[in-house]
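# Overview (structure and organization)
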Amino acid sequence: MNRNLILKNARIVTPMGRTARCGAEMKRLLDIPRGTIEVTDGRITYVGENLPDTRDGYDVIDVRGNVVLPGFVDSHTHLVFGGYRPDEFVWRMNGESYMSIMERGGGIFSTVRATREASFDELKQKAEWFINVMSRMGVTTVEGKSGYGLDRDTELMQLEVMRAINQDPCRKVDIATTFLGAHAVPREYAGRTDEYIDFLINDMLPLVKQRGLAENCDVFCEKGVFTIGESKRLLIAAKEMGYGIKLHADEIVSFGGATLAGELRALSADHLLHASDTGIQAMKEGGVIATLLPLTAFTLREPYARGREMIDSGCAVALATDLNPGSCCSGSIPLLFALACIYMRFSVEEAITALTLNGAAALNKADSIGSIEVGKWGDLVVLDTDTPNVLPYYTAMNSVQHTIKRGVILK
Ligand code: NIG
Ligand code: FE
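Our subject in this report is the structure included herewith. Keep in mind it's a predicted model, so treat the numbers as computed, not measured. Along each chain, the written sequence defines residue order, and numbers are assigned to residues from 1. Chain letters and ligand numbers both follow the written order, the letters beginning at A and the numbers at 1. In keeping with the model being predicted, local features are shown solely for residues with a pLDDT of at least 70 and side-chain atom pairs are shown and tallied solely at 80 or more, while totals for entire chains, interfaces and linings include all residues. Calculated side-chain values reflect all of the structure's heavy atoms, with hydrogen atoms and water omitted.

### Examining the coordination of the iron ion (ligand 2)
Note the following rule: Coordination partners: N, O, S within 2.8 Å of the metal, 3.2 Å for Na, K and Ca; water not considered, so apparent gaps in a site are possible. Per the convention used, a helix needs a DSSP run of H or I reaching at least four residues, while a strand needs a run of E reaching at least two, with both numbered from the N terminus. Burial classes: relative accessible area under 20% of the type maximum marks a residue as buried, over 50% as exposed, and values in between as partly exposed (1.4 Å probe, protein chains only).
Ligation of the iron ion (ligand 2) by protein atoms is provided by His76 (NE2), His78 (NE2), His248 (NE2) and Asp322 (OD), these donors lying 2.1 to 2.4 Å from the ion. For the iron ion (ligand 2), the single-chain donor residues occur in sequence as H-x1-H-x169-H-x73-D. Within this pair, whereas histidine 76 is found in the loop between strand S6 (72–74) and helix H1 (86–93), its partner histidine 248 is found in strand S10 (residues 244–249), the two being separated by 172 residues in sequence. We classify histidine 248 as buried; its relative accessible area is 3%.

And the structure:
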């Protein structure tokens, strides 16, 4: 597998830096109309206007003025799961709410049952199917959460599936792993939420850490799921153990999750459909990345998060798919760009930063991916035309010509 690559005659479009871009910085991109990118042994070794001396052992591609972007970083997915829930989708189309389906034992609980029954290989094959689809749309790094086991062995199995994918030398994406044992209170602990949190803090977090299975810890902080106090107790313990902390915050109702994220200086707060003004301010002050998931709002038929206001308030905003079997069974990057630009009023440049450098920062990886800069991994996307404006303009159609992972051309 050759990890030495030269892309020439490229319109190079990329945010710059090794941390998230905030507010007005999100629209500032480097734009080199005719440039060259050299990748050596998987890492970027040259970016600029002058063609480096071509050397033996490099694949050379003339992209003829087409746009080259950093590989897309999808920083919020639940891509390892058993079963599907198409019936629930139809119930929701007929007016039933997401939470009422969950309250009567469906929703997340339905996927927990199916995931507990699934084998390791079934879970892995299914996750790989989604990864293949997303890779063709330009995704080179994806986050994956546990949270469909809610018991020791199934939670570990979900994380081990992701580890197995990451260990494949021919993998199409890297998976950043997140422990989401606090996705719901399992039936076995009904009415004993504090005991379940004790189990997560005392048993699961140390075990997952010891086995090196997850980088981050997340919680579904929502009315009827985990309260602010419960979420806080879990996340403080996780942070002390060295996890990056994340929250599903203010998704269904305005609940104070964004404010808590700011207080705890979380890596990210995600969803935020109902984040308050105080919450937006707290995220900005706490350096929290506001991760917006418009495909979920779209499929739940809910109003979009106030992305424009968050950017204008100076927040660092990321975009991600939320691919999962319930609220959003879509990993569509083209549709994500369209919704962000059409309905949330992102500029194309802001949307690119949100899905590259800021997505990387939401996974604590902005020093190694998320922009086209010397020293970072050679994770790149070549579009099939010479302007990035096609990203929303080809509405929900794929404009990716090549996806490149650590210097290897995948398609
Ligand atoms: O991000 N809201 C919580 N978790 C997921 C949905 C999980 C599911 O419905 O299976 C979300 O929307
Ligand atoms: Fe989610």
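That shown, we press on.
### Quick notes on helix H3 (residues 108–117)
Selection rule: Directions pointing from the helix axis toward each C-beta atom define the arc. We call two residues in contact whenever any of their non-hydrogen atoms come within 4.5 Å of each other.
Residues Ile108, Phe109, Thr111, Val112 and Thr115 constitute the buried set of H3. Each buried residue of H3 lies within a common arc of 155° when the element is viewed along its axis, so the set occupies one face. For H3, the secondary structure elements touched by its buried residues are helix H2 (98–103), helix H4 (120–136), helix H5 (152–166) and strand S9 (216–221).

### Here's the deal with the site of ligand 1
Heads up, the rule is: Here a residue is near a molecule or strand as soon as one of its heavy atoms is found within 4 Å of it. Each polar contact in these results corresponds to two N or O atoms within 3.5 Å; when the atoms are within protein, one needs to be able to donate a hydrogen and the other to accept it, and residues that are neighboring in sequence are counted only if both atoms are side-chain atoms. Computed with the Shrake-Rupley method and a 1.4 Å probe, the accessible areas treat only the protein chains shown as cover for residues. For cavity detection a 1 Å grid was placed over the protein atoms alone, and a set of points counts as a cavity when a 1.4 Å probe fits there but cannot get out; an open set counts as a pocket when protein lies on both sides within 12 Å along at least five of seven lines, with lining residues being those that have an atom within 4 Å of a point. For a molecule to be placed in a cavity or pocket, more than half of its atoms must lie within 2 Å of the grid points of that cavity or pocket.
Lining the immediate surroundings of ligand 1 are 15 residues, of which Arg85, Tyr98, Tyr148, Glu251 and Ser327 lie closest. Between ligand 1 and tyrosine 148, the relevant distance is 2.6 Å, taken from an oxygen atom to a side-chain nitrogen or oxygen of the residue. Isolated, ligand 1 exposes 320 Å² of accessible area, and the fraction of that covered by the protein chains is 100%. A majority-of-atoms criterion places ligand 1 in the largest cavity.

### Notes on the side chain of lysine 405
With respect to the helices and strands, lysine 405 occurs in strand S15 (residues 400–405). For lysine 405, a relative accessible area of 4% corresponds to the buried category. A distance of 2.8 Å separates polar atoms of two side chains, one belonging to lysine 405 and the other to aspartate 379. Setting aside chain neighbours within four positions, we find lysine 405 in contact with Arg3, Thr140, Thr141, Arg171, Lys172, Val173, Asp174, Gly378, Asp379 and Leu410.

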